[in-house]
Amino acid sequence: MSTVKGNNPYLLLTATMVLWGSAFSSSKVVVEQVPHGVAALLRFGGGALALLLALRLFGRRDTPVSARDRGRAALAGVLGVFAYNVCFFWGLALAPAMDGGVIIPVMSPVLTTAFLLVSRKERASPARIAGLCLGVAGAVVFFIGVWTGGGGTGRLAGDLLFLLGACCWAAYTLAGPRVLAAIEPLRATTYATLAGAVLLGIYSVPEMGGVAWSDLTPGLWLNVVFLAIGPAAVANLLYYRGVAAVGPASASVMMFMVPVFGTFCATVFLGESFGPVQTVGALILLGGAVLAVTQGRRWPSGRSRVAGSQGSDLRRVSGVSGQ
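All figures in this text were calculated on a predicted structure; none of them were measured in a lab.

1. Considerations on the overall build of the chain
Move 1: Each helix and strand counted, the chain has 14 helices and zero strands in total.
Move 2: Listing every helix and strand of the chain by position from the N terminus yields α-α-α-α-α-α-α-α-α-α-α-α-α-α.
Move 3: Burial analysis of the chain (323 residues in total) assigns 54% to the buried set.
Move 4: For the chain, contacts bridging at least 24 residues in sequence account for 90% of all contacts bridging at least 6.

2. Re helix α1 (residues 9-31)
Move 1: Helix length check: α1, at 23 residues, gives a terminal C-alpha distance of 33 Å against a target of 33 Å (1.5 Å per residue), a fit within 8%.
Move 2: When the local axis directions of α1 are compared, the greatest deviation, roughly 35°, occurs at Ala 23.
Move 3: For α1, the buried fraction is high: 17 of the 23 residues fall into the buried class.
Move 4: The N-capping residue of α1, defined by a side-chain oxygen 2.9 Å from the backbone nitrogen of Tyr 10, is Asn 8.

3. Some words on the pattern of salt bridges
Move 1: The full count for this structure, using the stated rule, is two salt bridges.
Move 2: We note a salt bridge from Asp 99 to Arg 155, for which the minimum N-O separation is 2.8 Å. Placement of Asp 99 in helix α4 (residues 97-118) and of Arg 155 in helix α6 (residues 152-174) is noted, with a sequence separation of 56 residues between them.
Move 3: A salt bridge links Arg 187 to Glu 184; the nearest nitrogen and oxygen atoms lie 3.8 Å apart.
Move 4: The class for Glu 184 is buried, based on a relative accessible area of 12%.

4. Some points on helix α5 (residues 126-148)
Move 1: The terminal C-alpha atoms of α5, which comprises 23 residues, lie 33 Å apart, in line with the 33 Å expected from a rise of 1.5 Å per residue.
Move 2: If you follow the buried residues of α5, they end up packed against α4, α6 and α12 (276-294).

5. So, the packing of α5 against α6
Move 1: Two elements in contact, α5 and α6, have axes separated by 8 Å at closest approach and are oriented at 160°. The angle between α5 and α6 places the two elements in the roughly antiparallel class. Crossing of α5 against α6: the hand is right-handed. The residues of α6 that touch α5, namely those facing Phe 142, Phe 143, Val 146 and Trp 147, are Gly 152, Thr 153, Arg 155, Leu 156, Asp 159, Leu 160 and Leu 163.
Move 2: Partitioned by chemical class, the residues of the contact of α5 with α6 number seven nonpolar, two polar and two charged.

6. Thoughts on the packing of aromatic side chains
Move 1: Applying the stated criterion across every chain yields a total of 10 aromatic pairs.
Move 2: Look at Phe 82 and Tyr 203: their rings are 6.0 Å apart centre to centre, the planes differ by 75°, and that puts the pair in the edge-to-face class. Separated by 121 residues along the polypeptide, Phe 82 in helix α3 (residues 67-94) and Tyr 203 in helix α8 (residues 185-208) bring together distant segments of the chain.
Move 3: Of the residues examined, Tyr 203 reaches a relative accessible area of 28% and is grouped as partly exposed.
Move 4: Here the aromatic rings of Trp 213 and Trp 221 are separated by 6.5 Å at their centres, their planes lie at 25°, and the arrangement is stacked.
Move 5: A connected cluster of aromatic rings, assembled from ring pairs, spans Phe 24, Tyr 84, Phe 88, Phe 89, Phe 162, Trp 169 and Tyr 172.

7. With respect to the side chain of Ser 27
Move 1: Within the fold, Ser 27 resides in helix α1.
Move 2: What makes Ser 27 buried here is its relative accessible area of 0%.
Move 3: Polar side-chain contacts of Ser 27 include one of 3.2 Å to the side chain of Arg 43.
Move 4: Residues in contact with Ser 27, not counting those within four places in the same chain, are Arg 43, Phe 88, Phe 89, Leu 92 and Leu 227.

8. A closer look at the nonpolar core
Move 1: Ranked by size, the top nonpolar core spans 69 residues in total, and within it Val 34, Phe 88 and Phe 89 carry the most contacts.
Move 2: Ranked by residues supplied to this core, first place goes to α4 with nine residues.
Move 3: If we ignore the near neighbours within four places in the chain, the residues touching Val 34 are Ala 39, Val 211, Leu 216 and Leu 220.
Move 4: In this structure, Ala 54, Leu 55, Leu 186 and Leu 237 belong to the second largest nonpolar core, which totals five residues.

9. A short note on the state of the cysteines
Move 1: Going through the model one piece at a time under the given rule, you end up with zero disulfides.
Move 2: Cys 87 forms no disulfide, and the closest cysteine sulfur to it belongs to Cys 168, at a distance of 4.5 Å.

10. Here's the deal with the packing of α1 against α4
Move 1: Their axes nearest at 9 Å, the elements α1 and α4 cross at an angle of 135°. In this view, α1 runs oblique relative to α4, as classed from their interaxial angle. Considering how the two elements wind past one another, α1 and α4 form a crossing that is right-handed. Of the residues in α4, those touching α1 at Phe 24, Ser 25 and Lys 28 are Ala 97, Gly 100, Gly 101, Ile 104 and Pro 105.
Move 2: When the residues that make up the contact of α1 with α4 are grouped by side-chain class, the tally is four nonpolar, three polar and one charged.

Cut-offs used in this document
- Residues numbered from 1 in each chain as written.
- Predicted model: local features only at pLDDT ≥ 70, side-chain atom pairs only at ≥ 80, totals over all residues.
- Heavy atoms only, no water.
- Helix = DSSP H or I, 4+ residues; strand = E, 2+ residues; numbered from the N terminus.
- Buried < 20%, exposed > 50% of the residue type's maximum accessible area, 1.4 Å probe, protein only.
- Contact = heavy atoms within 4.5 Å.
- Expected span 1.5 Å × (residues − 1).
- Bend = angle between axes of the 7 residues up to and from the residue.
- Polar contact = N/O pair within 3.5 Å; in protein donor to acceptor, adjacent residues only side chain to side chain.
- Salt bridge = Lys/Arg side-chain N within 4 Å of Asp/Glu carboxyl O.
- Axes fitted to C-alpha atoms, helices over the stretch in contact; angles between N-to-C directions.
- Parallel < 35°, antiparallel > 145°, perpendicular 65-115°, else oblique.
- Left-handed = near helix turned anticlockwise from the far one by under 90°.
- Nonpolar A, V, L, I, M, F, W, Y, C, P; charged D, E, K, R; others polar.
- Phe/Tyr/Trp six-rings, centres within 6.5 Å; stacked < 30°, edge-to-face > 60°.
- Core = buried A, V, L, I, M, F, W, Y, C linked by side-chain atoms within 4.5 Å.
- Disulfide = S-S within 2.5 Å.

The following block contains the structure:
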C-alpha cells in the first residue's frame, strides 16, 4: 500500500468515518422500501462491483494469491458480510438507524477487546477492565431505555439484532490474522465481500418476487449507489491510506467518530432521537469503549513502526470497514 502524500491522513480518516456514519441512515431509507435481504444484496452486490473496480485500479499485482488464501477470505465473508448484514438490515427493519449507529460501531471493538483480554493476547490493565465494565453497564442502560421508553418489542428485537451483528463483526475481526496473513487488505476485503454478496443473493431470492421493482423511487437507487460506492469502496480506500500514514492503532481511535456522525445523520435526515435514558446509556457505552480499546495499547511512533505493526494491528482494527 502506498503511503499518503500531499493529503492529511486524519482528514482521510475523518472522511471515512463520515461515510460509515451516514451509511446507517442511508441503509434505513433503502430497507423501508424493500425487504431487508434485498436491501443487503443491493448494497453489497453493488459494493462488490465497486471493490472489484478498486482492486483493478489500486490493488497490488506483484504477489500471487493461492486458492487456499482466497478460500479463507471467502469464508470470512460468510461471517463478516453475509451474517453481519442479515442482522444489520433486519435490525434496521425493526429499529431506528440511530440505535444501530451506536450499538454496532461501539460494541464491536468492545467485544473484540474483551476476547483479546480473556485470551491473554493483550494486557488486561485496570483501566481496560474498568472500560469494559462501563461499556457493559452503558449497554444495559441503553436497552433499559428502549424497553421503558415506549420503543416496544419490535425496537428491542431490532437492537438485539444489532448486538448480534456486532458479535459477528467482532468474530470477523478476530479471524483477520489468518485471512490477511498472505493477502493485502483491499484484496481480502474484495474476496470477502464477493462471497458474502453471493450468499446474500441466495438469501434474498424468496423476497425478490414480492418487490415491485418498477415502483422503486429514484431516491432509493441514489441511496444504493451511494452505499455501494461511498461506505463500501471509497471509505475502504481512504481508511487504508490513512492507516498507512498514521498506523492502525491511531486510526482505530477515529472509529469512535462513527456514532457521532451516525446520530447526526439520523437526526437530520430521518428525524430520529434518543430518550433521556438511552442518551445516558449511549454516552456511558461510548466512554467505556474508548477506555477499554485505547488503554494499555502500544502506539506506533514512526513510519518504520507503522510498517511493522500493520501485520498484526490492522487485522484487529480494520474490522469496521464496510459498515
